[in-house]
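Secondary and tertiary structure notes
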Amino acid sequence: MSKYINPYHLGCSVWSLSEWKGKFYRDDAKPSQFLPQYASVFNAVEGNTTFYNVPAPAVIEKWGTQTPKGFKFCFKFPRYITHEKRMHNVKGEVLDFVRLFEPIRNKVGPFMIQLPETFSAKELYRLEDVFSIMPKSFSYSVEVRHKDFFDHGKHERNFTSLLKTYEVDRVIFDTRKLHAVKSNEASIIEAQKKKPKVPVRFDTTASRPVLRYVGTNDVLNNEPYLKEWAIIVAEWIKEGLHPYVFIHAPNKIDQPKLCQHFHEQLAELIELPPLNKWPVQRQNK
């Protein structure tokens, strides 16, 4: 999987996590080595960093050189576009942002447009304005959180139709397990405060469905949900779609373990190569 997994992409929500040293990364891993070591196991990552700060062109090009062929970054649109300006009069900003990644275009998966919970169906026209000018050389996905887009009615149909028209994927955000569990773990309590509780949709709108799953930190509690998603992802792949799957753990430390488990579940349903051994498991060889 280090070089390329043909049917789907799998990864975590981060790669630069010092707590992974000695657990996932090598004991002696330096921050500059985190991304190459991460990309030796997983072939995708959420690019949350761009939500807060737009990286310099030199940094972007460095990320490209540190990852193998087939690796994909799914960068988030900056919050000044999605949350501060709420997609209004942002065509110039969107084009400037997307074009930054032209030098590593073959390393970019679907950009993620994460909209605030207050972004309602009344503002849907703003999304269409942006869709109409987004470069076709990239792919895109949208994550909505307002109840309008989960109404099983007019608003949701209009949203789905818009996505299909422009071949944009709907980000599926599954926090069912996170909000169902009762726990004293600080990381879970914090995640329950921050992560929205939205209905789960299983339908797709384009060719690269994006799943963001947030559960608990241990494999056992996530098992039924990961097994369910393995069945769905396997069906997507059989239909000719190319899914992107990101498995979150509230403490972040256990994300590689949960990703590994999901891959093993999926490999029971379709033919897949095993993941490479973790960098920490290879350090003495």
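Every value quoted in this text rests on a predicted model; they were computed, and no experiment measured them.

What to know about the packing of aromatic side chains
- For the coordinates displayed, the defined rule picks out 30 aromatic pairs.
- A centroid spacing of 5.8 Å and a plane angle of 20° characterise the contact between F24 and F42, whose relative ring orientation is stacked. Taken together, the residues F24 in the loop between β1 (9-12) and α1 (31-39) and F42 in the loop between α1 and β2 (44-47) connect sequence positions 18 residues apart. In terms of burial, F24 and F42 fall into one category: buried.
- Each ring, one from F111 and one from Y140, has its centre 5.8 Å from the other, and the planes form 20°; the classification is stacked. With F111 in strand β4 (residues 111-114) and Y140 in strand β5 (residues 140-143), this residue pair connects regions lying 29 residues apart in the sequence. Residues F111 and Y140 agree in their burial class; the two are buried.
- K76 extends its terminal NZ or CZ atom over the ring of F51, reaching a point 5.7 Å from the ring centre.
- Between the NZ or CZ atom of R170 and the centre of the ring of F150, over which it lies, the distance is 4.8 Å.

Some thoughts on the pattern of salt bridges
- What the rule picks out here adds up to 16 salt bridges.
- A salt bridge links E123 to R126; its shortest N-O distance comes to 3.2 Å. Of the two residues examined, E123 and R126, each falls in the buried class.
- Ionic pairing is found between K194 and E190, a salt bridge with its closest N-O pair at 3.6 Å. Of this pair, K194 and E190 both sit in helix α9 (residues 186-194), 4 residues apart, roughly one helical turn.
- By relative accessible area, E190 is classed as partly exposed at 36%.
- Connected through shared salt-bridge partners, E46, E143, R145 and R212 make up one network.

So, the environment of N221
- Structurally, N221 can be placed in helix α10 (residues 219-238).
- Relative accessible area serves as the criterion here: at 32%, N221 is assigned to the partly exposed category.
- A sequence separation of 43 residues divides N221 from L178, and the C-alpha atoms of the two residues are 9.7 Å apart.
- If sequence neighbours within four positions are ignored, N221 has contacts with K177 and T216.

Structural notes on α9
- Residues of α9 that are buried include every one of S187, I188 and A191, and no others. Summarising the axial view, the buried residues of α9 lie within an arc of 95°, below the 170-degree limit, and thus occupy one face. Of the exposed residues in α9, those oriented more than 90 degrees away from the buried face are A186 and K193.
- The elements touched by buried residues of α9 are α8 (176-180).

Considerations on the packing of α10 against helix α11 (residues 255-267)
- At a minimum axis separation of 8 Å, α10 and α11 run at an interaxial angle of 50°. By the criterion of interaxial angle, the relationship of α10 to α11 is oblique. Here the hand of the crossing between α10 and α11 comes out right-handed. Within the contact between the two elements, α10 uses V219, N222, E223, L226, K227, W229, A230, V233, A234 and I237 and α11 uses K257, L258, H261, F262, Q265 and L266.

What to know about the side chain of Q37
- Structurally, Q37 can be placed in helix α1.
- Those residues in contact with Q37 that lie beyond four places of it in its chain are Y25, R26, A29 and P279.

Remarks on the pairing of strand β6 (residues 169-174)
- For β6, the tally of buried residues reaches 6 of 6 residues, placing the bulk of the element in the interior.
- As paired strands, β5 and β6 are joined by 2 bridges and run parallel to one another. Looking at the pairing, V142 lines up with R170 of β6.
- Crossover handedness for the path β5 to helix α7 (residues 154-165) to β6: right-handed.
- Across 4 bridges, β6 lies against strand β7 (residues 210-214) in parallel orientation. Looking across to β7, one finds that D174 is bridged to Y213.

Notes on the pairing of β4
- Residues F111 and I113 line one face of β4 and the alternating positions M112 and Q114 line the opposite face, and both faces are buried.
- When β4 meets β5, the two strands line up parallel, connected through 4 bridges. Note on β5: the bridge partner recorded for F111 is Y140.
- Chirality of the crossover, the property in question, places the unit of β4, helix α6 (residues 124-131) and β5 among those that are right-handed.

Parameters at a glance
- Throughout, a residue's number is its position along its own chain's written sequence, starting from 1.
- Totals for whole chains, interfaces and linings use all residues, but because this is a predicted model, local features are given only for residues with pLDDT of at least 70 and pairs of side-chain atoms are given and counted only at 80 or more.
- Computation of side-chain values: all heavy atoms of the structure, hydrogens and water removed.
- Each pair of aromatic rings taken from Phe, Tyr and Trp, with Trp reduced to its six-membered ring, is defined by centres within 6.5 Å and is described as stacked if the planes are under 30 degrees apart, edge-to-face if over 60, and tilted in the remaining cases.
- Under the DSSP-based scheme used, a helix requires at least four consecutive residues in state H or I and a strand at least two consecutive residues in state E, with every element numbered from the N terminus.
- Working definition: with a 1.4 Å probe on protein chains only, accessible area under 20% of the residue-type maximum means buried, over 50% means exposed, and in between means partly exposed.
- Placement of a positive charge over a ring is assigned whenever Lys NZ or Arg CZ falls within 6 Å of the ring centre and within 35 degrees of the normal to the ring plane.
- A pairing counts as a salt bridge when a side-chain nitrogen of Lys or Arg comes within 4 Å of a carboxyl oxygen of Asp or Glu.
- Should any heavy atoms of two residues lie within 4.5 Å, those residues are counted as being in contact.
- By construction, the arc corresponds to the directions joining the helix axis to the C-beta atoms.
- Working convention: axes come from line fits to C-alpha atoms, limited for helices to the stretch in contact. Angles between N-to-C directions cover 0 to 180 degrees.
- Angles below 35 degrees are treated as roughly parallel, those above 145 as roughly antiparallel, those between 65 and 115 as roughly perpendicular, and all remaining angles as oblique.
- Left-handed describes a crossing in which the near helix is turned anticlockwise from the far one by less than a right angle; the clockwise case is right-handed.
- Strands are labelled as partners when DSSP assigns at least two bridges between them.
- With the strands aimed away from the viewer, a crossover counts as right-handed if its path from the first strand over the helix to the second runs clockwise.

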